[in-house]
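Here are the chains, one letter per residue:
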Amino acid sequence: MSTEVYRLRKINLDEVWQKEQGWNEDKKSGRKYDDQVELEFWRKIAPHYSEQFNLMRDVPGLKEKVTNFIGDGSRIIDVGCGTGNFTIPLASKCNEILALDFSPAMLKELSISISKQKMMNIRTVCAKWEEFSEPYDADYVLAVNSLYRICNMRDALKRIALYGKKGFLIIRTLYRPIMHDMYEDLNLDYKRNNDYMLIPLMLWDMGIQADVEFLYYNRQKFYKNWEQAETDMIHDLGELSYMNYNNQLKEKFFHHVEKSDTGYVYASSRAVEVISFHNL
């Protein structure tokens, strides 16, 4: 009878995070790494953000899950609150919300909503989460699609666990292209982000036994013509891969889409990860 013992190799998750998210690259550019590019992006999209992107509204069961987890009368920090897609609905249940965001444009839209609805229990703070140091007696920390610019993720997660005396919720949309299901049918590799895998692993490595659940919803994208879809495919797959499979992709695209008077509508299945920790 064999007595050989197998041991799993210890993985440095911090190094994996740095590599996967591009923080160890010599040349870094774009929204993730450049504050001014990021601020300009949100300045343009802020006035229409809530009507275009709202997980609380679009994902079946998510609103109930969040409100039940946080409960009534809690004090929470909403990290990366944006225009208030979660902040505003939760305000009626919470004692107080500290709404934190890096974008003044997004906070301006939130402030307009607060004023219109005469809410007195929301306080806004313009700051990055990794630089926030204000003492605040929070029951829970909520972070919805807001940690994507974090270089030292372990430190950010430690801060979330420290501030959330009773627990926290980290909610993330899985980053994958709108036509990912079509690419998977053809066994094609495409641009994606594995952050949703690494964050739970890092929490577990820290001794925080967070739960992970996935919720699903549909999202549509409109294309005026085939050429617009083709541009997305080249971006998602790379030019060589697209050229090798363009006939199959074109056939699948027109089989999948619905024709409208002005173009084509592509319906895509989307997934949201809910990472939760209740400090019992």
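Residues numbered from 1 in each chain as written. Predicted model: local features only at pLDDT ≥ 70, side-chain atom pairs only at ≥ 80, totals over all residues. Heavy atoms only, no water.

Asker: Where do I start with the pattern of salt bridges in this structure?
Answerer: By the definition in use, this model includes 18 salt bridges. A salt bridge links Lys-10 to Asp-205, with the nearest nitrogen and oxygen atoms 2.7 Å apart. One end of the pair, Lys-10, is in the segment before helix H1 (13-20); the other, Asp-205, is in helix H10 (residues 195-205), and 195 residues separate them in sequence. Residue classification places Lys-10 among the exposed residues on the basis of a relative accessible area of 62%. In this structure, the salt-bridge partner of Asp-189 is Arg-192, at a minimum N-O distance of 3.5 Å. (Salt bridge = Lys/Arg side-chain N within 4 Å of Asp/Glu carboxyl O. Helix = DSSP H or I, 4+ residues; strand = E, 2+ residues; numbered from the N terminus. Buried < 20%, exposed > 50% of the residue type's maximum accessible area, 1.4 Å probe, protein only.)

Asker: Mind showing me how you'd approach the side chain of Asn-54 here?
Answerer: Inspection of the secondary structure puts Asn-54 in the loop between helix H3 (49-52) and helix H4 (55-58). In this structure Asn-54 comes out as buried when scored by relative accessible area, which is 12%. A distance of 3.1 Å separates a polar side-chain atom of Asn-54 from the backbone nitrogen of Met-56. (Polar contact = N/O pair within 3.5 Å; in protein donor to acceptor, adjacent residues only side chain to side chain.)

Asker: Can you help me understand the pairing of strand S2 (residues 96-101) in this one?
Answerer: On a regular strand, each side chain points to the face opposite its neighbour's, so the side chains alternate between the two faces of the sheet. Within S2, five of the six residues are buried, leaving the element largely enclosed by the surrounding structure. The handedness of the S2 to strand S3 (residues 122-126) crossover, carried by helix H7 (residues 104-116), is right-handed. (Right-handed = clockwise from strand over helix to strand, strands pointing away.)

Asker: In this structure, what is going on with the state of the cysteines? I would like to understand it.
Answerer: Working definition of a disulfide: a covalent bond connecting the sulfur atoms of two cysteines. Here the structure, examined in full by the defined rule, presents zero disulfides. Not part of a disulfide, Cys-81 finds its nearest cysteine sulfur in Cys-126, a span of 9.3 Å. Taking relative accessible area as the criterion, Cys-81 reaches 8% and is therefore assigned buried. (Disulfide = S-S within 2.5 Å.)

Asker: Honestly, the packing of H1 against H10 in this entry has me stumped. Any pointers?
Answerer: Between two packed helices, what matters for the description is the angle formed by their axes and the separation of those axes. It is at 10 Å that the axes of H1 and H10 come closest, and there the two elements cross at 160°. In terms of their interaxial angle, H1 and H10 are classed as roughly antiparallel. Relative to H10, the crossing made by H1 is left-handed. Along its contact with H1, which presents Leu-13, Asp-14, Val-16, Trp-17 and Glu-20, the element H10 presents Asp-195, Leu-198, Ile-199, Leu-201, Met-202 and Asp-205. When the residues that make up the contact of H1 with H10 are grouped by side-chain class, the tally is seven nonpolar, no polar and four charged. (Axes fitted to C-alpha atoms, helices over the stretch in contact; angles between N-to-C directions. Parallel < 35°, antiparallel > 145°, perpendicular 65-115°, else oblique. Left-handed = near helix turned anticlockwise from the far one by under 90°. Contact = heavy atoms within 4.5 Å. Nonpolar A, V, L, I, M, F, W, Y, C, P; charged D, E, K, R; others polar.)

Asker: Explain unusual backbone geometry here, please?
Answerer: Leave glycine aside and you will find that most residues have negative phi; peptide bonds, for their part, are mostly trans. Positive phi values are uncommon outside glycine, yet Lys-118 reaches one of about 55°. On the secondary structure map, Lys-118 appears in the loop between H7 and S3. Lys-118 gets classed as exposed once you look at its relative accessible area, which sits at 68%. Although it is not a glycine, Asn-145 adopts a positive phi angle of roughly 50°.

Asker: Would you take a moment to explain the packing of aromatic side chains for this structure?
Answerer: A ring pair, where both rings are aromatic, is described by two values, the distance of the centres and the angle of the planes. According to the stated counting rule, one finds 18 aromatic pairs in the structure shown. Plain terms: the ring middles of Trp-226 and Phe-254 are 5.8 Å apart, the flat faces sit at 35° to each other, and that makes the pair tilted. Of the two residues, Trp-226 sits in helix H11 (residues 226-237) while Phe-254 sits in helix H12 (residues 239-256), which places them 28 residues apart along the sequence. Following the ring pairs from residue to residue traces out a cluster consisting of Tyr-223, Trp-226, Phe-253, Phe-254, Tyr-264 and Tyr-266. (Phe/Tyr/Trp six-rings, centres within 6.5 Å; stacked < 30°, edge-to-face > 60°.)

Asker: Would you mind showing me how to read the packing of helix H8 (residues 153-163) against H10 here?
Answerer: Packing of H8 against H10 brings their axes to within 10 Å, and their N-to-C directions diverge by 65°. When the interaxial angle is binned, H8 and H10 end up roughly perpendicular. Taken as a pair, H8 and H10 cross one another with a handedness that is right-handed. Residue-level inspection shows Met-153, Arg-154 and Leu-157 of H8 in contact with H10, the latter providing Ile-199, Met-202, Leu-203 and Asp-205. Taken together, the residues of the contact of H8 with H10 sort by class into five nonpolar, no polar and two charged.

Asker: Please clarify how a nonpolar patch on the surface should be interpreted in this entry.
Answerer: The grouping of Leu-201, Trp-204, Val-212, Phe-214 and Tyr-216 at the surface amounts to a nonpolar patch, some 450 Å² of accessible area in total. Elements with a minimum of two residues in the nonpolar patch: H10 and strand S6 (211-223). For the nonpolar patch, the leading source of residues is S6, giving three residues. You can see Trp-204 is positioned in helix H10. A residue is classified by how much of its surface remains accessible, and Trp-204, at 37% relative accessible area, is partly exposed. (Patch = residues over 30% accessible without salt bridge, like charges linked within 9 Å, V, L, I, M, F, W, Y side chains within 5 Å. Areas by Shrake-Rupley, 256 points an atom, 1.4 Å probe, with all protein chains shown as cover.)

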